[in-house]
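Structure at a glance
Here are the chains, one letter per residue:
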Amino acid sequence: MPLQQFTDAELQAKAEELGLVKPGEPIPTAAMQSRVKAAVVEDRRATTRQEKPADARLAKSIVVQPGGVILIDGEPMPWLVAKQPMDIGLNPDGISTVRLTLLAESVQVLKPKTDSPESE
């Protein structure tokens, strides 16, 4: 992937859109700026490729770096992660796991459709 460049205005607008800073406030930390950059990269990818969502796949590697940057298969994770403990299960003989908390403006939990007939 080619090296991407970001304008200060673009990063500021995205940070404000995500609710990380109030309008006119600077982005306070390098870790937060990395997360904002990841969100901008994901927005760029979404606009450049018009394809159906990819099927779920197993990550080859997950790297959790100091400061909160998370790389999945070498790419920055495009979602904001809460500053809460992660549950990391290392299994050298099989698949390892990472559980973390993602931040979202809105969450929906949909009930599965039932096939039972309605009563009259």
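That block above? That's the structure.
First, a word on scope: everything that follows refers to the structure included in this document. These figures come from a predicted structure and were not determined experimentally. (Residues numbered from 1 in each chain as written. Predicted model: local features only at pLDDT ≥ 70, side-chain atom pairs only at ≥ 80, totals over all residues. Heavy atoms only, no water.)

**Regarding unusual backbone geometry**
- One non-glycine residue with positive phi stands out, namely D73, at about 50°.
- With respect to the helices and strands, the residue D73 is situated in the loop between β2 (70–72) and β3 (75–76). (Helix = DSSP H or I, 4+ residues; strand = E, 2+ residues; numbered from the N terminus.)

**A short note on the nonpolar core**
- Counting seven residues, the largest nonpolar core consists of L11, A15, V21, I27, M32, V36 and V40.
- For this core, the secondary structure elements donating two or more residues are α1 (8–17) and α2 (30–48).
- Element by element, the count of residues in this core is highest for α2, at three residues. (Core = buried A, V, L, I, M, F, W, Y, C linked by side-chain atoms within 4.5 Å. Buried < 20%, exposed > 50% of the residue type's maximum accessible area, 1.4 Å probe, protein only.)

**Considerations on the side chain of R35**
- Along the chain, R35 turns up in helix α2.
- One buried charged residue, R35, remains without a salt bridge, the closest side chain of opposite sign being E42 at 14 Å. (Lys, Arg positive; Asp, Glu negative; His and termini not counted. Salt bridge = Lys/Arg side-chain N within 4 Å of Asp/Glu carboxyl O.)

**Considerations on the sheet that holds β3**
- The three strands are arranged β1-β2-β3 in an open sheet whose pairing can be described as antiparallel. Looking at strand neighbours, the two that pair on one side only are β1 (62–64) and β3, the edges of this open sheet.
- Sheet topology note: the β1/β2 ladder contains three bridges and is antiparallel. The residue bridging V64 from the neighbouring strand is I70, located in β2. (Pairing = 2+ DSSP bridges.)

**Overview of the environment of Q4**
- Positionally, Q4 belongs in the segment before α1.
- Its relative accessible area of 24% is what places Q4 among the partly exposed residues.
- Along the primary structure Q4 and K37 are separated by 33 residues, whereas in three dimensions their C-alpha atoms are 9.4 Å apart.
- Those residues in contact with Q4, other than ones at most four positions away along the chain, are V41 and R44.
- Reaching out from Q4, the side chain makes a polar contact with the side chain of R44 at a distance of 2.7 Å. (Contact = heavy atoms within 4.5 Å. Polar contact = N/O pair within 3.5 Å; in protein donor to acceptor, adjacent residues only side chain to side chain.)

**Quick word on the pattern of salt bridges**
- The final tally for this structure, using the stated rule, is six salt bridges.
- Put simply, E75 and R45 hold a salt bridge, and the shortest N to O gap is 2.4 Å. One end of the pair, E75, is in strand β3; the other, R45, is in helix α2, with 30 residues separating them in the sequence.
- For E75, a relative accessible area of 29% gives the class partly exposed.
- In this structure R45 comes out as buried when scored by relative accessible area, which is 18%.
- Residues joined in a network through salt bridges with shared partners are K14, E17 and D43.

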